[in-house]
Each structure stands twice: as structure tokens, then as C-alpha cells.
Amino acid sequence: NTLDQFWNSWNDLANSPSNATAQSVVRQRGAQVAYTLNTYASRIDDLTNRTRDHLSAMVGELNTLTGQVASLNRQIMSMEVTGQQSPDLRDARDRIADQLAQMAGVRTEIQADGTMGIYLGSMMLVDATNARTLDLRVSASGTSIGFVGDPEPAQVVGGKAGQMMAFLNTDVPTVKSGLDSLARGLVNGVNELHASGWT
């Protein structure tokens, strides 16, 4: 609608080039186009920041949950080594593992000692009673999740975290590039044609 109004204002000006009102309307419609494009860009930036904040909070929650799995592994191991059963603890651990799978697409593996190993891609996130800490990394090349102390990002992150990273690293740059191309095309096209109208 904004672009239609902009084109129409040029048509009106072409029919009456010396009309001051028509000239003013072109300027106003041009300013409205610029405002609209800038508003979209600001909304994309705002959505990007909110998504990144949400992802950062999720990484913190992942660390809390993996710590809980490691703690439950410790309790299960100490109980079952004496021959006792610990179904409640195992159920609690399974529920946390389901949450982790939904959040980051982890896979689990029950070890011979009854502990649960949790993998993020090929990397072990929880090994018996030890849980590795994850962190969020933001750089010019994109947003990633990695293990603290390891410079390489985790290669396979699924679940909600993976979806958010795909949004930040693929969808946002694509949309921003399209918006920039549209703005650049408008600016260059209008300026070139406008300049050709001067005598």
C-alpha cells in the first residue's frame, strides 16, 4: 500500500510537474516508504534480539537440567550398587531427558552401571556424574552453542534450540538481505530517473 501510494504520487506529479502540492506529496510518500522500510528493519532486529535472549535463557536451563541428570545418576548409582531399586529416580531422570530432547535434540544411552549418558551430536554432554557446561556464542559468522572450554561449536543441535539458531543464522539474514535489496533498488532507481528529469 505504501509503495502504491508512492508510485501514484509520481504519476500525479508527471501530469502536473510544476504543481507544488504534487511535489510535496511525492516527498511525503517517499518519506513514508523510508519509514516503512526502517520500521521493518527495526522489527527484525528486535525479533532477533528477543530470540537470542530466549536462546541464552534456554542454554542456562539446559545446563541446569544436565546438572540434575548428573545428580540423579549419582543417586541411582549409589542406591543400585547395594542392590536397591530406584524407579522413582529413574522416572525423574527420564522426564528430564525428554525435556532435553525437546529443547536441544539430545540422545540418551543407558550405561552398564545404570547411569544415563546424554549426547549432543557426537559429543557427550552428561557422562555418569559429570555434566559439561554449554555456552551461547554470538559472532559475525552467526549464533552457535558450544561446550565451555572448547572453541568449536556443537555441530548438531536440534529441538527448539536448533530451530532458533536456524532462524537467527538463516532466516533473518535472508529476510534482511531481501529488505536491503528492495531498499537499494528503490533508492538507486528513483535517484537515477529523478536525475534524468533535470534540464
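All figures in this text were calculated on a predicted structure; none of them were measured in a lab.

1. Digging into the pairing of strand β5 (residues 134-139)
Then comes step 1: Looking at chain direction, β5 and strand β6 (residues 142-147) are connected through six bridges and run antiparallel. The residue of β6 that forms the bridge with Leu136 is Ile145.
Then comes step 2: In sequence, β5 turns back onto β6 through a hairpin of two residues.

2. Focus on the packing of helix α1 (residues 2-15) against helix α4 (residues 159-196)
Then comes step 1: In contact at an axis separation of 14 Å, α1 and α4 are set at 5° when each is read in the N-to-C sense. The orientation of α1 with respect to α4, classified from their angle, is roughly parallel. For the pair formed by α1 and α4, the contact residues are Leu3, Phe6, Trp7 and Trp10 on the first element and Leu186, Val190 and His194 on the second.
Then comes step 2: Split by residue class, the contact of α1 with α4 holds six nonpolar, one polar and no charged.

3. Overview of the environment of Ala161
Then comes step 1: Residue placement: Ala161 occurs in helix α4.
Then comes step 2: Not counting the four nearest positions on each side in its chain, Ala161 is found in contact with Leu55, Met58, Met103, Ala104 and Ile145.

4. Section: the sheet that holds strand β3 (residues 123-127)
Pairing between the strands of a sheet comes from backbone hydrogen bonds, and it takes one of two forms, parallel or antiparallel.
Then comes step 1: Taken in spatial order, the four strands make up an open sheet running β1-β2-β3-β4, and their pairing is antiparallel. The open sheet is flanked by β1 (107-110) and β4 (130-131), the only strands paired with a single partner.
Then comes step 2: Bridging between strand β2 (residues 116-120) and β3 involves three bridges; their strand directions are antiparallel. Counterpart to Leu120 in the pairing with β3 is Met123.

Calculation criteria
Residues numbered from 1 in each chain as written. Predicted model: local features only at pLDDT ≥ 70, side-chain atom pairs only at ≥ 80, totals over all residues. Heavy atoms only, no water. Pairing = 2+ DSSP bridges. Helix = DSSP H or I, 4+ residues; strand = E, 2+ residues; numbered from the N terminus. Axes fitted to C-alpha atoms, helices over the stretch in contact; angles between N-to-C directions. Parallel < 35°, antiparallel > 145°, perpendicular 65-115°, else oblique. Contact = heavy atoms within 4.5 Å. Nonpolar A, V, L, I, M, F, W, Y, C, P; charged D, E, K, R; others polar.

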